[in-house]
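Here's the letter readout for the chains.
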Amino acid sequence: MNDSDFCSEYLRCPNCHGSLVEQTCSSCGAAFKKTLGILDLRWPRPSGGDTKTERLIEEMLKHYQSSSFLELSALVSRHHRLDMNRSSTLDQLGQQMMSMFQHQTEKFYTIPTTTFALDIGCGYGTSSIVLSRRFDWVLGLEPYLPVLLLAKKALETRGIRNVILVQAYAQEMPVRDECVDFAVAQNVIEHLIEVKSALCEVDRVLQRGGCFCGDSRNRYDLFFPEPHVKLRWVGLFPRKLQSGYVRLFKNVDYSEWHARLLSWRELRQCGREAFGRSTRIVLPLVSAYGQSSRMDKWIERVETVPVLRDLAQLFFPSLLLLAQSSSPSDSRA
């Protein structure tokens, strides 16, 4: 199967849900832009243009062929506040997180096959690189084209050819029903515009028995600073007061980060509304985030004691949302 065959078999028009032939829908005739092989399937289509982003894309395209991943990363870093990792750490970071995702998922569920994985909010490819070694095909979805161009460069550098990159929103994924074996969302859930809608989309595209794993930074984390503005206890304030608190102590606009951290209760509610009874909230293995692996043993012990587990989930820095696609007869909580 080549890239065109993959798009025809697994992707769909975000407008009418018809079949895609190259860049055009065979049903409604909608044509979609492609940049260096990356289809723009965002829907609804953005109104107006972001001049700053457009200038960045032009500059990246101008230097793409002659520049390395690190050089392109530097261009992005100069334009936006993005936490760029060195190319040499991409494989290590992705391997740690995906190993943890798969380990925690397979404690409770069985991933049906290794045919098709979906990387939601793939960014510059840390998860997709690792998933490409286990699955026949990986689809990386990301709405922001500059980081998709970085992902493309990272994949090309490593000679990876079974990852397809598409510009799209999680709440309107251009993916056919019931075709994905394993979907992941690494450091993404708090950035989703509509969490419930996005998770319902995940349930739609997973084949029956397909699995999902995503980590979500806990709003009520008592141990570490808020990851975007590096300020403690932001989530303890009512949402209307969070921006003022951040501006007072950091003198930055919190809304620029497009982050809405969820509590354990909020995450569980969104998961249950999307996946029904199959939803689980568990503690992550902290070694995947660079902490000592000795702490993982204590975390696993805590999870065996219901009272301690429930208390830890209220205030632990990050939480994992696990789910298996529900059957049509499953009830929703």
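Residues numbered from 1 in each chain as written. Predicted model: local features only at pLDDT ≥ 70, side-chain atom pairs only at ≥ 80, totals over all residues. Heavy atoms only, no water.

Further remarks concern the pairing of strand β7 (residues 163-167). Most of β7 is tucked away, with 5 of its 5 residues classed as buried. Burial along β7 is two-sided: Val163, Leu165 and Gln167 and Ile164 and Val166, pointing in opposite directions, are all buried. The pairing of strand β4 (residues 38-40) with β7 spans 2 bridges and is classified as parallel. By the bridge assignment, aspartate 40 is partnered in β7 with glutamine 167. Pairing geometry for strand β6 (residues 137-141) and β7, over 4 bridges, is parallel. What sits directly across from valine 138, in β7, is valine 163. Once you follow β6 into helix α6 (residues 145-157) and on to β7, the crossover reads as right-handed. (Buried < 20%, exposed > 50% of the residue type's maximum accessible area, 1.4 Å probe, protein only. Helix = DSSP H or I, 4+ residues; strand = E, 2+ residues; numbered from the N terminus. Pairing = 2+ DSSP bridges. Right-handed = clockwise from strand over helix to strand, strands pointing away.)

A few words on the packing of helix α7 (residues 195-205) against helix α9 (residues 264-275). For the pair α7 and α9, interaxial distance at closest approach is 8 Å and the crossing angle is 40°. Viewed along their axes, α7 and α9 adopt a mutual orientation that is oblique. The two elements α7 and α9 cross, and the hand of that crossing is right-handed. Across from Val195, Lys196, Leu199, Cys200, Val202 and Asp203 in α7, the residues of α9 making contact are Cys270, Gly271, Glu273, Ala274 and Phe275. (Axes fitted to C-alpha atoms, helices over the stretch in contact; angles between N-to-C directions. Parallel < 35°, antiparallel > 145°, perpendicular 65-115°, else oblique. Left-handed = near helix turned anticlockwise from the far one by under 90°. Contact = heavy atoms within 4.5 Å.)

Among the nonpolar cores identified, the biggest contains 52 residues, and Leu139, Val175 and Phe212 are the most heavily contacted of them. Contacts of leucine 139, omitting those with residues within four sequence positions, involve Phe6, Leu11, Phe116, Ala117, Leu118, Asp119, Ile164, Val166 and Val175. Formed by 42 residues, the second largest nonpolar core is a distinct cluster that contains Leu56, Val130, Ala154 and Val163. (Core = buried A, V, L, I, M, F, W, Y, C linked by side-chain atoms within 4.5 Å.)

This part covers the pattern of salt bridges. All chains considered together, the criterion is met by 13 salt bridges. Where glutamate 106 meets arginine 134, a salt bridge forms, and the shortest distance between an N and an O atom there is 3.0 Å. A residue pair is termed long-range when its members are at least 10 positions apart, and glutamate 106 in the loop between α4 (87-105) and β5 (116-120) and arginine 134 in helix α5 (residues 126-134) qualify at 28 residues. Take glutamate 106: its relative accessible area is 39%, and that puts it in the partly exposed class. (Salt bridge = Lys/Arg side-chain N within 4 Å of Asp/Glu carboxyl O.)

Right, let's get into the environment of leucine 241. Locating leucine 241 in the fold gives a position in helix α8 (residues 239-250). Assessed through its relative accessible area of 49%, leucine 241 is described here as partly exposed. Sequence-wise, leucine 241 and glycine 123 are 118 residues apart; in three dimensions their C-alpha atoms are separated by 30 Å.

Here we take up α6. Spanning 13 residues, α6 covers 18 Å between terminal C-alpha atoms, matching the ideal 18 Å at 1.5 Å per step. Burial runs high along α6: 10 of the 13 residues are buried. Turning to α6, its buried residues number three or more, namely Leu145, Pro146, Val147, Leu148, Leu149, Leu150, Ala151, Lys153, Ala154 and Leu155. Count one or two residues on from α6 and you reach glycine 159, which has phi positive near 70°. (Expected span 1.5 Å × (residues − 1).)

On to the pairing of strand β8 (residues 180-185). Buried residues dominate β8, accounting for 6 of its 6 residues. As paired strands, β5 and β8 are joined by 3 bridges and run parallel to one another. Pairing of leucine 118 across the sheet is with alanine 183, part of β8. Summarising the sheet, β8 and strand β9 (residues 206-217) pair through 5 bridges and their orientation is parallel. Looking at the pairing, valine 180 lines up with leucine 206 of β9. Tracing the backbone out of β8, into α7 and back to the parallel element β9 gives a crossover that is right-handed.

Moving on, we get to the confidence of the model for the protein chain. Residues at a pLDDT of 70 or more form 95% of the protein chain, whose mean pLDDT is 91. Segment residues 329-333 is flagged for pLDDT under 50; beyond a separation of four residues in sequence, or across chains, it makes 12 contacts in the model. (pLDDT = per-residue confidence, 0-100.)

Moving on, we get to the packing of aromatic side chains. In this structure the tally under the stated criterion is 10 aromatic pairs. Ring geometry for phenylalanine 212 versus phenylalanine 275: centroids 5.9 Å apart, planes at 15°, classification stacked. A residue pair is termed long-range when its members are at least 10 positions apart, and phenylalanine 212 in strand β9 and phenylalanine 275 in helix α9 qualify at 63 residues. Taking NZ or CZ as reference, lysine 153 lies 4.3 Å from the ring centre of tyrosine 64, over its face. Lying over the aromatic face of tryptophan 298, arginine 301 brings its terminal NZ or CZ to 5.0 Å of the ring centre. (Phe/Tyr/Trp six-rings, centres within 6.5 Å; stacked < 30°, edge-to-face > 60°. Lys NZ or Arg CZ within 6 Å of the ring centre and 35° of its normal.)

A separate point is the sheet that holds β6. The strand order β3-β4-β7-β6-β5-β8-β9-β11-β10 describes an open sheet built from 9 strands, whose pairing is mixed. Two strands lie at the open edges of the sheet, namely β3 (34-35) and β10 (280-282), each paired on one side alone. Taken together, the 2 bridges between β3 and β4 define a ladder with antiparallel strand orientation. Among the inter-strand pairings, threonine 35 is bridged to a residue of β4, identified as isoleucine 38. Taken strand by strand, α7 contacts β5, β8, β9 and β11 (318-324), and its axis lies near 150° from that of β9.

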